[in-house]
Every structure is written in structure tokens, then in C-alpha cells.
Number of protein chains: 2
Amino acid sequence: MPDESTLQQALRRFEAFLKAQKLKKTPERMAVLEAIYAHNGHIEAAKLHEVLQERHPGLSLATVYNTLELLSRAGLVLAHRFDTGKTVYEKALGRYQHDHMLCQDCGRIVEFCDPALQEIFSHIEEAYDFEVHHHALLIYVRCRKSHCPHRPSVQSTQAS
Amino acid sequence: MPDESTLQQALRRFEAFLKAQKLKKTPERMAVLEAIYAHNGHIEAAKLHEVLQERHPGLSLATVYNTLELLSRAGLVLAHRFDTGKTVYEKALGRYQHDHMLCQDCGRIVEFCDPALQEIFSHIEEAYDFEVHHHALLIYVRCRKSHCPHRPSVQSTQAS
DNA sequence: ATTTCTGCAAACACTTTGCAAGCTA
DNA sequence: TAGCTTGCAAAGTGTTTGCAGAAAT
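Small disclaimer: the values here were computed from a predicted structure and weren't measured.

**Focus on the nonpolar core**
- Within the largest apolar cluster, 30 residues are counted, with the highest numbers of intra-cluster contacts made by M101(A), L117(A), I139(A), M101(B), L117(B) and I139(B).
- Looking at this core, the elements with two or more residues in it are β4 (99-103), β5 (109-112), α5 (116-128) and β6 (131-142) of chain A together with β4 (99-103), β5 (109-112), α5 (116-128) and β6 (131-142) of chain B.
- Apart from residues no more than four positions distant in its own chain, L117(B) is found in contact with L117(A), I120(A), L137(A), D99(B), H135(B) and L137(B).

**Things to note about the relation of the copies chain A and chain B**
- The two copies are related by a screw operation: chain A maps onto chain B through 179 degrees of rotation and 0.0 Å of translation along the axis, at an RMSD of 0.2 Å. Here the symmetry operator amounts to a two-fold rotation axis. If distances are taken from each C-alpha of chain A to the rotation axis, the shortest is found for L137(A), at 2.1 Å.
- In this assembly the copies share their binding face: 100% of the residues contributing to the interface of chain A also contribute to that of chain B.

**A look at the packing of aromatic side chains**
Residue and element names in this part refer to chain A.
- With the rule as written, the count across this model stands at 4 aromatic pairs over all chains.
- Ring geometry for Y128 and F130: centres 5.9 Å apart, planes at 20 degrees, overall stacked.
- What makes Y128 partly exposed here is its relative accessible area of 29%.

**Re the confidence of the model for chain A**
- Looking at chain A, pLDDT values average 87 and 87% of them are 70 or higher.
- Confidence drops under pLDDT 50 across residues 152-160 of chain A; counting only partners more than four residues distant or on other chains, this segment forms 7 contacts.

**Some thoughts on helix α4 (residues 61-73) of chain A**
Residues and elements named next belong to chain A.
- In a regular helix each residue adds 1.5 Å, so 13 residues correspond to 18 Å; α4 covers 18 Å between its end C-alpha atoms and thus fits that length.
- Along α4, the residues that are buried comprise V64, T67, L68, L70 and L71. For α4, the arc enclosing every buried residue in end-on projection is 165 degrees, short of the 170-degree limit, so these residues lie on one face.
- Just downstream of α4 lies G75, where phi reads positive at about 80 degrees.

What counts as what
Residues numbered from 1 in each chain as written. Chains lettered and ligands numbered in written order. Predicted model: local features only at pLDDT ≥ 70, side-chain atom pairs only at ≥ 80, totals over all residues. Heavy atoms only, no water. Core = buried A, V, L, I, M, F, W, Y, C linked by side-chain atoms within 4.5 Å. Buried < 20%, exposed > 50% of the residue type's maximum accessible area, 1.4 Å probe, protein only. Helix = DSSP H or I, 4+ residues; strand = E, 2+ residues; numbered from the N terminus. Contact = heavy atoms within 4.5 Å. Least-squares fit on C-alpha atoms with pLDDT ≥ 70 in both. Phe/Tyr/Trp six-rings, centres within 6.5 Å; stacked < 30°, edge-to-face > 60°. pLDDT = per-residue confidence, 0-100. Expected span 1.5 Å × (residues − 1). Arc of directions from axis to C-beta.

Shown next, in the form of C-alpha cells:
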């Protein structure tokens, strides 16, 4: 599944969502969706806003937030609020289901996936008669043992 | 293990931590520690500050935050930042290891424990050669199937 | 034509910070 | 005594909100 079609799929879904909610399809909203889907990994609202200025100068930060909220409700974007106070977003389609490890030594965020989690969810659904909607698992780790791929020092707010 | 000794243990550990870090043992810091350990469940900084006014009038919010940071570093307090923007804290000692389910329908936060998580951590430590320090697992659920103990409607910021 | 959106800027809520006075070691 | 801490209040941060003009249906 190439990245191209993932965006198409997201666009279609978003349009359907807007129509179903009697909301309007605006260039700004579509631009935000495209911008997130063009970005791999996490991105925060301010950065997204900055990136959007290139092709859509004037698009406001308020609209970015507004749209992220809609996209989140539409299930097209995931929001994470690690420990920084900032919320980061990422596309929800075209990504394998994953969670995050936060390296306490170098600040690096590493994704991982463990199928055992699904079993935990199944277990919970039965034990509590709840319906598991989504989740967020953060594992705080230390890489000092050896080879954290992004050693201490630098670690800027990653360029593009 | 009665609750009483848990506080004692925490106090000892905190004193040791302060000494080790060449920090000072102050009445304010001890008061904050006691206040958290006297509270069961989550509590936010403002509420903790409010509670502390009873026995320690004048103790400032800044000191509460300052101390929570120290306690967190000392491993005596856990901080969670669910989705509300507010950070909530809870004592780390004298509690079984647990995670949280957040009911999307009624806002209730339910604790649970699943030993399978430990296996995931072991797996990760081996696979990545990381040292797992701590974690936070949030599962967003819906209770509409039936008996969420705290139905919709009310749901105030729980009294004491 | 109606209703929703947008951009702007002010408002917000929580947390952090700077500084002088006070307390710990 | 020397240096960390405290309380206060002001400053920050990221996010939300109110409103008038602009755009979508």
C-alpha cells in the first residue's frame, strides 16, 4: 500500500466524515489533512502550522487546531501527549499499529509493536465488559546499556 | 503492609534522596510528601495545594510543584498526564502496579493490572537492549455495553 | 441566502521562573 | 555563615475562544 493511496483514502474518509457531520469542506481543512499525511512520524501543531505556511500562507493556527480535532474525531489522526506539555499528532492510516518507547537518556522516541497487547485488550473486554476503543502505551527506557541510535548530546527538535 | 509503614518508608527514602542530592530537608517538602501519601488515588497539584493549606497555611503552589518534581525523580510519586492538560500525581509506594482505563462515555478512570505487561517489558529489554524504567498504559474504553459503575451525568472532580 | 469557517488577537489554565527574605546544614 | 528554599507574583506555554468578515452549501 503506497503512501499515495493512503492520502487518497484519508481524503475520501474525511469528506465522508464532514458530510455526515454536516460540516463544510474547506481548502484549509483539506490542506491540514494533506500536511499531516505528508509528514512521517510525530508533528506538533505549531510545526504543522509552520509547514502549512509554505503552500497556504495565512492559514491560521486556530484552524490547525480546529482541524486536528476534527481529524482526531474522524479517526484519521492520532494525538499523543507525552510528557512535554505539547501534543503531537500523527496520521492514523497507513501506519502499523504501534506504541512508543521514550529514552530517558537521549530523548529519542522509538516505536515498537507487540502483539501481546491485543491479548491484554481482549482480556479486558471480557473481564470488564468494556469496549476497548484505543490506547496509548508509553515505556520509559534508558539506552545506556549500549546502542541507542541517537546518542545524548545534540538531539535538536529534529529538522524536517 | 499497613498504610502507616508505607508513609514511613517513603519518608525515609525521601530523606535519603535529599541527602544524596545534597538537597535540604524542609518542613514544606515533608508536608507535600505526607499529603500525597495520605491521599488515595490521583490528585492534581492545585488540589494538593488546597489540602495542604489546612495544616500548612502559606505553603505555596510553587513549592508543591517543586517538591512533586523531586518526589517524582526520587521514584516516590508517579505523574500522569491523561488528556486534560492537568497533571495528576499519585504515591508510588504501597500501591500495586497498575494502569488506567479511561471511560470515554462517563469519564471514569478505572485501574487494572495485567501481568502480561511484564512479559512485554522483558521482551523489549532483550530485543532492544534497553532498560525499562517505568511506563504508562492508557486504554480508552466505552462502558455502554452495560455497567460502568459511574454512569454519565454528574461526574464532578470527585470530592475528597 | 444561510450557516459554517476563518483569522486575529485576546483569553485561558497550568506550570515555571526570578528575586529577596528565610531557613537548613 | 553559606547556600539552598520559600513565597510571591509575574512570565511562559500550548491551546481555546469570541467575533466580524469570508466562504461553502
